[in-house]
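Chain residues, written in single-letter form:
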Amino acid sequence: MLRFLFRRSLGAIVILLIISAFTFFLFFAAPRDPALLACGKNCTPDAIAMIHKNLGLDKPVPVQYWLFMSGIVTGRDFAVGHCPAPCFGYSFANGDPVWDTIVDRFPTTVSLTIGAAAVFLGVGVGTGMIAAWKQGKLIDKIFSSSSLVLSSMQIYFIGPIVLALLVYNLGWFGQPKYVPITEDPVGWFLGLIIPWCVLSVIFTAQYTRMARSSMIEQLQEDHVRTAKAKGMASRTVFFRYAWRGSLIPIVTIFGIDLGSLFGGAMITEYTFALPGLGTLAVKSVQNTDLPMTMGVMLFAATFIILFNIVVDACYAFIDPRVRLS
């Protein structure tokens, strides 16, 4: 297990370096000078030159990349003062510390992501298991057909429709917003329930079909047939033997889908104007704000990679047949 985690950690570092280098050097292919954003309207050549010096833009691009990456570990000195580690620099748009901004926006994104994951895992896996249990019956056909329809929906299509219907026309819910759970748990739940449902629609449909097919496959395994032949109750066989084995592909795909879930969270945040990392990423790209873009990209990539490592390490605990050497 330790050897496995060590190998995955080394691979994660390599992946993060590739992502950071690609994003960093791609940024400088853009025709817009980021100093113009920081300079404002009344800008002079002397002011632009001073901004280049203060932001380190007067140095060669490889040197800038080295200073940026080393600053994450050791901190970095700017004209405005010392930036402690982890230092992602200061925003070109407003001069705010990138790390502080990310930490401030992260609770919104993680609340949206975890809530949506809980919805589509609970509903999707639950309906898939029921459909497999009642294979060929009416409820199986209803769940299977509904999943096909919902899987074709998109967030940017469902979001405005749900918002217009449930918020503006019927008034069943208030305007979606983020309230810290530590301040108002009820307000936190009510403010995010619509974004959770919208974000989880596509995933719910996918996991319904996945759970159904996985469970049907498990019910055909030899150890399940043996349990049935011994006279065990169908409910016991279903939950004790087949259900546990059917979770393996679901956990695997969930680890892979986390990146898609983060991407969907960004679209959902933008659709409902939630102050999370998604809206921050969109605005930083639009403003050619390299430090903010790099910070969000690396932070999200690190979170996704760490989660995938945790998911891989959990395989052995879900199915005793799986062993990691």
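Residues numbered from 1 in each chain as written. Predicted model: local features only at pLDDT ≥ 70, side-chain atom pairs only at ≥ 80, totals over all residues. Heavy atoms only, no water.

In the annotation of an unreviewed UniProt entry, the entry for the protein chain reads ABC transporter permease, and the organism field reads Streptomyces chrestomyceticus. Per UniProt, the protein chain carries the Subcellular location (unreviewed entry) text "Cell membrane". Looking at the protein chain in UniProt, the text filed under Sequence similarities (unreviewed entry) is "Belongs to the binding-protein-dependent transport system permease family." (UniProt positions renumbered as here; feature names shortened; annotations may be inferred.)

The next subject is the confidence of the model for the protein chain. Model confidence for the protein chain is summarised by a mean pLDDT of 81, while 90% of its residues fall at 70 or above. Helix α2 (residues 34-39) is the least confidently modelled element of the protein chain, averaging 67 in pLDDT, while helix α5 (residues 98-133) averages 89, the highest of any element. (pLDDT = per-residue confidence, 0-100. Helix = DSSP H or I, 4+ residues; strand = E, 2+ residues; numbered from the N terminus.)

Residues lying three or four places apart along an α-helix face the same way, a consequence of the helix completing one turn every 3.6 residues. Taken residue by residue, helix α11 (residues 277-286) has L277, G278, T279, L280, A281 and S284 as its buried positions. Just past α11, the residue T288 takes up positive phi, approximately 55°. (Buried < 20%, exposed > 50% of the residue type's maximum accessible area, 1.4 Å probe, protein only.)

Okay, the UniProt feature "transmembrane region" (unreviewed entry) in the protein chain next. Mapped onto the present numbering, the UniProt feature "transmembrane region" (unreviewed entry) falls on residues 12-30, 110-133, 154-174, 186-205, 247-272 and 292-318. The distance from the first to the last C-alpha atom of residues 110-133 is 33 Å, and the span holds 100% helix and 0% strand. In residues 247-272, helix accounts for 100% and strand for 0%; the two terminal C-alpha atoms are 33 Å from one another.

Here the focus is the packing of helix α6 (residues 138-150) against helix α8 (residues 185-219). Helix-helix packing is described using two parameters, namely the angle between the two axes and the distance between the axes. At a minimum axis distance of 8 Å, the contact between α6 and α8 shows a crossing angle of 140°. On the basis of the axis angle, α6 is oblique to α8. Remark: the crossing between α6 and α8 carries left-handed chirality. Each of D140, F143, S144, S147, L148 and L150 in α6 lies in contact with α8, whose residues at this interface are V201, I202, A205, T208, R209 and R212. (Axes fitted to C-alpha atoms, helices over the stretch in contact; angles between N-to-C directions. Parallel < 35°, antiparallel > 145°, perpendicular 65-115°, else oblique. Left-handed = near helix turned anticlockwise from the far one by under 90°. Contact = heavy atoms within 4.5 Å.)

Here A85 and P86 are connected by a cis peptide whose omega angle stands at -5°. Inspection of the secondary structure puts P86 in the loop between β2 (81-83) and α5. For A273, which is not glycine, the phi torsion reads 55° and is therefore positive. With respect to the helices, strands and loops of the structure, A273 is situated in the loop between α10 (234-272) and α11. Accessibility expressed as a relative area gives 63% for A273, which makes it exposed.

Looking now at the pattern of salt bridges. When charged atoms on two side chains of opposite charge get close, those side chains can pair. This structure, assessed with the given rule, holds one salt bridge. With a shortest N-O distance of 2.7 Å, D140 and R212 are connected by a salt bridge. Taken together, the residues D140 in helix α6 and R212 in helix α8 connect sequence positions 72 residues apart. Overall, D140 belongs to the buried group, its relative accessible area being 3%. (Salt bridge = Lys/Arg side-chain N within 4 Å of Asp/Glu carboxyl O.)

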